[in-house]
Amino acid sequence: MGDTDVVRHLDTAPVELTRTRDRLTVSEVFGPTVQGEGPNTGRRCGFVRLGLCNLDCSWCDTAYTWDWTRYNRRAELHDVTFEELACQVDALGVRRLVISGGEPLVQGPRLTRFLEFLDGRYAIEIETNGTLDPTGLAFLVDHWNVSPKLAHSGVAMHKAQKPDVLRAFTRLPALSGFSTVAFKFVCKAKVDILEVRQLVERCDIDPASVWIMPEGTSAYNIVKGIERLADTTIANGFNLTSRLHVLAWGDTRGT
Ligand code: SF4
């Protein structure tokens with residue numbers, strides 16, 4: 001996408017959003033906190049949650065970034081200049097910055113320019129649903145958490161799973177020479193892990209880079225999900241992750 005991004009889930013979708021070149025559409029900035037999911041679980045960091053998403057997962061826990069049938073876009077999202085956003089990030093007092101969403105790559109060209117603007121001051125980690133090509137950001141991101149959606153998301157599979165894009169993510173470490181990639185799958189039942197296995201094999205993803213994560217926004221559901229998924233995860237050669245922020249703070253925004 002260029003500077004004019006076509007995005008769904010707006011008041012009257014699809015709508016063209018024309019932005020000046022030096023702004024990002026932001027939901028929230030918070031920290032210091034810890035990364036709650038995946039291989040960097042527990043690492044101290046700050047979060048920038050960007051607005052907008054190109055999918056509409058039924059169990060999305062950040063629907064306030066894109067679902068304007070339930071939330072007020074004007075109240076939830078703000079167009080923030082790079083200078084303002086960098087000041088907010090600097091005030092967090094962290095060395096590691098996680099860019100999440102929504103789907104951050106919906107604003108890919110502007111995100112690229114923002115990370116160039118930050119000029120290497122932070123280790124950058126990006127959370128993405130793995131449907132949009134990441135190549136333009138290859139040399140600006142230290143770690144990718146790629147989270148393709150499974151059938152239980154309710155999203156049509158031709159929209160949720162883009163094998164060519166997922167293969168592009170697998171090539172990022174060799175392309176950049178420094179970045180790492182983890183593929184993180186939200187699972188509810190053991191059968192979901194079989195769906196993960198099929199996609200991993202189809203897209204030549206290294207099983208050692210796969211993390212299975214239980215769905216849930218309460219400590220009870222996370223613990224029960226881990227109990228349900230652990231054995232099948234390990235038997236398939238995958239890794240298992242909790243949702244540490246949910247265990248610590250429950251379903252609270254800005255944690
Ligand atoms: S891709 Fe992520 S942000 Fe977008 S709807 Fe799905 S869970 Fe929510």
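Look a little higher up for the structure.
Quick caveat: nothing in here was measured; it's all calculated off a predicted structure.

A.B. asks: I keep staring at the overall build of the protein and nothing clicks. Help me out?
C.D. replies: Counting secondary structure elements, the protein contains eight helices and 11 strands. For the protein, the spread of C-alpha atoms along the principal axes amounts to about 50 × 40 × 35 Å. Sorting the 255 residues of the protein into buried and exposed places 53% on the buried side. Pairs at least 24 apart in sequence give 72% of the contacts found in the protein among residues at least 6 apart. Positive and negative side-chain charges of the protein, numbering 29 and 32 respectively, have mean locations separated by a distance of 2 Å.

A.B. asks: Is there a simple way to think about a nonpolar patch on the surface in this case?
C.D. replies: Residues Phe139, Leu175 and Phe178 make up a contiguous nonpolar surface patch of roughly 310 Å² in combined accessible area. Within the fold, Phe139 resides in the loop between β7 (123-128) and β8 (143-146). Residue Phe139 is classed as exposed on the basis of its relative accessible area of 54%.

A.B. asks: Help me understand the pairing of β8, please; the structure alone is not making it clear to me.
C.D. replies: Within a regular beta strand, the side chains point alternately toward one face of the sheet and then the other, so they alternate between its two faces. Going residue by residue along β8, you find His143 and Asn145 tucked away on one face and Trp144 and Val146 tucked away on the opposite face as well. Summarising the sheet, β7 and β8 pair through four bridges and their orientation is parallel. Opposite Ile126, over in β8, you have Trp144 as the bridge partner. Judged from the four bridges that link them, β8 and strand β9 (residues 180-187) form a sheet pairing that is parallel. Looking across to β9, one finds that His143 is bridged to Thr180.

A.B. asks: Is there a simple way to think about the pattern of salt bridges in this case?
C.D. replies: Should their charged atoms come close, side chains of opposite charge can pair. Taken as a whole and judged by the stated rule, the model has 13 salt bridges. With a closest N to O distance of 2.8 Å, Glu37 and Arg243 form a salt bridge. Placement of the pair is Glu37 in the loop between β3 (23-34) and β4 (44-50) and Arg243 in the loop between β11 (239-240) and α8 (244-249), with a sequence separation of 206 residues. As far as burial versus exposure is concerned, Glu37 and Arg243 are alike and both buried. Arg96 is paired through a salt bridge with Glu125; the nearest N and O atoms lie 2.8 Å apart. Remark: Glu125 occurs in strand β7 and Arg96 occurs in strand β6 (residues 96-100); sequence separation between them is 29 residues. Overall, the relative accessible area of 9% leaves Arg96 in the buried class. We classify Glu125 as buried; its relative accessible area is 0%. Linked by salt bridges that have partners in common, Glu37, Asp61, Glu127, Lys184 and Arg243 make up one network.

A.B. asks: I would appreciate a short explanation of unusual backbone geometry in the present structure.
C.D. replies: Note on backbone geometry: most residues besides glycine have negative phi, and most peptide bonds are trans. In this chain, Gly31 is followed by Pro32 through a cis amide linkage whose omega measures -5°. Within the fold, Pro32 resides in strand β3. Geometrically, the link from Gly101 to Gly102 is a cis peptide bond, its omega value of 10° lying close to zero. Inspection of the secondary structure assignment puts Gly102 in the loop between β6 and α3 (108-118). Not every positive phi belongs to a glycine, and Leu52 is a case in point at roughly 80°. With respect to the secondary-structure elements, Leu52 resides in the loop between β4 and α1 (73-76). Taking the relative accessible area as the measure of exposure, Leu52 reaches 1% and is therefore buried.

Thresholds, definitions, all that
- Residues numbered from 1 in each chain as written.
- Predicted model: local features only at pLDDT ≥ 70, side-chain atom pairs only at ≥ 80, totals over all residues.
- Heavy atoms only, no water.
- Helix = DSSP H or I, 4+ residues; strand = E, 2+ residues; numbered from the N terminus.
- Buried < 20%, exposed > 50% of the residue type's maximum accessible area, 1.4 Å probe, protein only.
- Contact = heavy atoms within 4.5 Å.
- Lys, Arg positive; Asp, Glu negative; His and termini not counted.
- Charge placed at Lys NZ, Arg CZ, Asp CG, Glu CD.
- Patch = residues over 30% accessible without salt bridge, like charges linked within 9 Å, V, L, I, M, F, W, Y side chains within 5 Å.
- Areas by Shrake-Rupley, 256 points an atom, 1.4 Å probe, with all protein chains shown as cover.
- Salt bridge = Lys/Arg side-chain N within 4 Å of Asp/Glu carboxyl O.
- Pairing = 2+ DSSP bridges.

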